[in-house]
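# Examining the three-dimensional arrangement
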2 protein chains.
Amino acid sequence: MISIDKPTLLLNKEQCMNNINGILEKAKSSNTHFRPHFKTHNSAYVGNWFRRLGVHSITVSSVSMARYFASFGWRDITIAFPVNVLELSLISELANELALNIQGDSSSILQSIETALLYPVGFYIEIDTGHHRSGIAWKDLDEIDRMLDFLSRSNRLKFKGFLTHSGHTYTADSKEEILDIYKDTVQKMNYLKDQYKEAWPELTISIGDTPSCSLVEDFSGVDEVRPGNFVFYDLMQYSLGTCSLEQIALALACPVVGISPQRNEILIYGGAIHFSKELLYKNSGEPIYGYIVRVSDKEWSMPVEGAYLASLSQEHGIIRAPKELIEEIKIGDILGVLPVHSCLTANLMKGYLTLDGEVISY
Amino acid sequence: MISIDKPTLLLNKEQCMNNINGILEKAKSSNTHFRPHFKTHNSAYVGNWFRRLGVHSITVSSVSMARYFASFGWRDITIAFPVNVLELSLISELANELALNIQGDSSSILQSIETALLYPVGFYIEIDTGHHRSGIAWKDLDEIDRMLDFLSRSNRLKFKGFLTHSGHTYTADSKEEILDIYKDTVQKMNYLKDQYKEAWPELTISIGDTPSCSLVEDFSGVDEVRPGNFVFYDLMQYSLGTCSLEQIALALACPVVGISPQRNEILIYGGAIHFSKELLYKNSGEPIYGYIVRVSDKEWSMPVEGAYLASLSQEHGIIRAPKELIEEIKIGDILGVLPVHSCLTANLMKGYLTLDGEVISY
């Protein structure tokens, strides 16, 4: 491994490939289209690992991200974010280059989208199946009818089907609840499909969230899945029961810059601008910003029992640690931290170092 | 103003200059050296605004940041972060170019620092006056003596004095408590100065945190102050009572992408990768990620009463808003958000757009 002198995001490529293959294989055997969300890694280099496995269609969460991946040859992209009407000319440019899908949940803006586009784009009606962030309520057939009425006459917007993100799986209390949300989502989306398939025989339903895609073994009855976080997983997924600690493919390697045996604390160079401030809570109510692992030449250990990242300021992180770790560690050592939310940590770090020493900077 | 089509960090330069001048003038009239912390704006362009006011010495929080500002001509820099022994060769290179100060709180690493440095650097002993993040406990004269014993014989490490960050002002419950912490800090630091000034007549004491530097009118008795956040302020400072809403010089302009009158919510393009997930709590216990302002040609309004940023995912933000705002707003409008923690928001956004239309990208 090349030497680490400041916070560095380690990537276990082998585990990452296992994570990708895990969901890809389930999608294949379920005959469900796999359109992974690339917002988690946001890396053309990591994207190529998917491509080599035969993945050619992807999901992104912004027009900027679509442009980035388009510049690396991706030709089938869904922007799974409510269409931003201020970026319609950029969307139109992209639609000239590739098969682009956008999503919307309001009939009020369809005409302005239609007017601004010079090229056809695929259009998903976003459905709210219970997450309540965006989307038309699944029962609101009146609004869906208004949209479809417009889409049936549109020259630019090609209706593709119904899309949802069941993000309420992230606040579920158990695996059973996640599976119940999944079943409920599939039922509601198929209800809509049944309602409209006669008029739109090609319509598909697209769902996607890592918790349910990780727990469900068979995606039958779903045309497309779009999970993202599963590529790396993180402590949030672990706390939901949707991945094991071994499946977490990222660890932030941080230099030790201070040790306080009096407070049972280790101070690391690694703070909110590296991890983000996403947190979980211990049963006792204290915040946890990460679990601590030992980093060796080509791997990292299981988390050190009783050690956790307890506090973050801009560049400082404070680890609470058991005496044994405090006695073993010295200033200038490197400790690894399993992040709470890999998407936000990867966004801040911008690059990766694989355990084989590959430096990934795009 | 140039047109905004995605999340854009607006900077009120006039207010920013007022904020800078406010503390600069107090430092001047107190005969206290002003060494502003540049981690908040982290911008060479904004740094030049300080330079034009006669500021020539700065504080940074990492070796990387020191290198960045060195490349823009800054020649007097204190890295106010426990020295990272893994970056000593970079520190040594910098010390060859400019007047560099570092800080440390452990006698155990002084020899390895001394050995690695080819050029002299200023050295501050970091003191813990109550924040308990790093630093030698102010009463621990034994460890201070061990450090000074080494420093008195060192060829590379030039002892400058005692430095502290009283970050516990951030958890104070009132302005009075912040002022009490300030007084206590000054007392403890002067106690140390008195202890050692005979042996080290040049030694200085350096303190720095925005809450106390904002409230205190006279810095007499302190040789140097190093506040950072005051350049922009934010809702955290406002909630501490250390700035007014008018003094907040940053607002993140975000496109409206959805409106839900049923839920009294406005969905914006602007999420955790733009704001960070720093939060405050309402009295009722609900999280607040920002206050909402209306953005017009060359200004933004006072916060809209009853409206706040209530939830963030990676690129989505959900605003809870009163009916009047919901009825006024349409998809494609721009709303501004006063951030909770300007340092983290600025770090994520990387650039600014001033209200006069200056695009600041470095």
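Going by the structure above, here's the rest.
All figures in this text were calculated on a predicted structure; none of them were measured in a lab.

Once that is clear, we can look at the interface of chain A and chain B. When the parts of a complex come together, some accessible area is lost, and that lost area is often taken as the interface size. In this assembly, 46 residues from chain A lie in contact with 46 residues from chain B. When the two sides are added together, the surface that chain A and chain B hide from each other amounts to roughly 4,000 Å², 59% of it contributed by carbon and sulfur. Broken down residue by residue, the surface that chain A buries against chain B is led by Phe81(A), Arg133(A) and Gln314(A), which jointly contribute 16%. Summed over the shared surface of chain A and chain B, the number is four salt bridges. In this structure, Asp128(B) engages Arg263(A) in a salt bridge whose closest nitrogen and oxygen atoms are separated by 3.5 Å. The interface formed by chain A and chain B includes 14 residue pairs in polar contact (both at pLDDT 80 or more).

With that out of the way, let us pick up the packing of aromatic side chains. Residues and elements named next belong to chain A. Summed over all chains, the structure comprises 34 aromatic pairs over all chains. Judged by centre distance (6.1 Å) and plane angle (75°), the ring pair of Tyr45 and Trp49 falls under edge-to-face. Pair noted here: Tyr45 and Trp49 are both in helix H2 (residues 44-52), with a separation of four residues, about one helical turn. Directly above the ring of Trp74 sits Arg51, whose terminal nitrogen or CZ lies 4.3 Å from the centroid.

Our next topic: the environment of Glu25(A). Residues and elements named next belong to chain A. Residue placement: Glu25 occurs in helix H1 (residues 13-30). The exposure class of Glu25 is partly exposed, given its relative accessible area of 40%. Through-space distance from the C-alpha of Glu25 to that of Glu217 is 9.9 Å; in sequence the pair is 192 residues apart.

Residue and element names in this part refer to chain B. Here strand S18 (residues 316-320) lies mainly inside the structure; four of its five residues are buried. In terms of strand pairing, strand S17 (residues 308-312) meets S18 through four bridges, oriented antiparallel. Counterpart to Leu309 in the pairing with S18 is Ile319. Here S17 folds back onto S18 in antiparallel fashion, the turn holding three residues.

It is worth spelling out the side chain of Asn101(A) at this point. Residues and elements named next belong to chain A. Residue position: Asn101 is located in strand S5 (residues 99-104). According to the relative accessible area criterion, Asn101 is buried, its value standing at 4%. Only 3.0 Å separates the side chain of Asn101 from the side chain of Thr78, close enough to count as a polar contact. Sequence-distant contacts of Asn101, defined by excluding residues within four places in its chain, comprise Arg35, Asp76, Ile77, Thr78, Ile79, Gly122, Tyr124 and Lys160.

The next point concerns the packing of helix H6 (residues 141-153) of chain A against helix H7 (residues 175-196) of chain A. All names here are of chain A. It is at 13 Å that the axes of H6 and H7 come closest, and there the two elements cross at 50°. Classified by the angle their axes make, H6 and H7 are oblique. Here the hand of the crossing between H6 and H7 comes out right-handed. For the pair H6 and H7, the contacting residues are Leu141, Ile144, Asp145 and Leu148 in the first and Tyr191, Leu192, Gln195 and Tyr196 in the second. Considered class by class, the residues forming the contact of H6 with H7 number six nonpolar, one polar and one charged.

On to the relation of the copies chain A and chain B. You can overlay chain A on chain B at an RMSD of 0.0 Å; the transform is a turn of 180° with a shift of 0.0 Å along its axis. The symmetry that links the two subunits is that of a two-fold axis. If distances are taken from each C-alpha of chain A to the rotation axis, the shortest is found for Lys277(A), at 2.8 Å. Comparing interface residues between copies, 100% of those in chain A also lie at the interface in chain B; the contact surface is shared.

The rules behind the values
Residues numbered from 1 in each chain as written. Chains lettered and ligands numbered in written order. Predicted model: local features only at pLDDT ≥ 70, side-chain atom pairs only at ≥ 80, totals over all residues. Heavy atoms only, no water. Contact = heavy atoms within 4.5 Å. Buried area = accessible area lost by both parts, 1.4 Å probe. Salt bridge = Lys/Arg side-chain N within 4 Å of Asp/Glu carboxyl O. Polar contact = N/O pair within 3.5 Å; in protein donor to acceptor, adjacent residues only side chain to side chain. Phe/Tyr/Trp six-rings, centres within 6.5 Å; stacked < 30°, edge-to-face > 60°. Helix = DSSP H or I, 4+ residues; strand = E, 2+ residues; numbered from the N terminus. Lys NZ or Arg CZ within 6 Å of the ring centre and 35° of its normal. Buried < 20%, exposed > 50% of the residue type's maximum accessible area, 1.4 Å probe, protein only. Pairing = 2+ DSSP bridges. Axes fitted to C-alpha atoms, helices over the stretch in contact; angles between N-to-C directions. Parallel < 35°, antiparallel > 145°, perpendicular 65-115°, else oblique. Left-handed = near helix turned anticlockwise from the far one by under 90°. Nonpolar A, V, L, I, M, F, W, Y, C, P; charged D, E, K, R; others polar. Least-squares fit on C-alpha atoms with pLDDT ≥ 70 in both.

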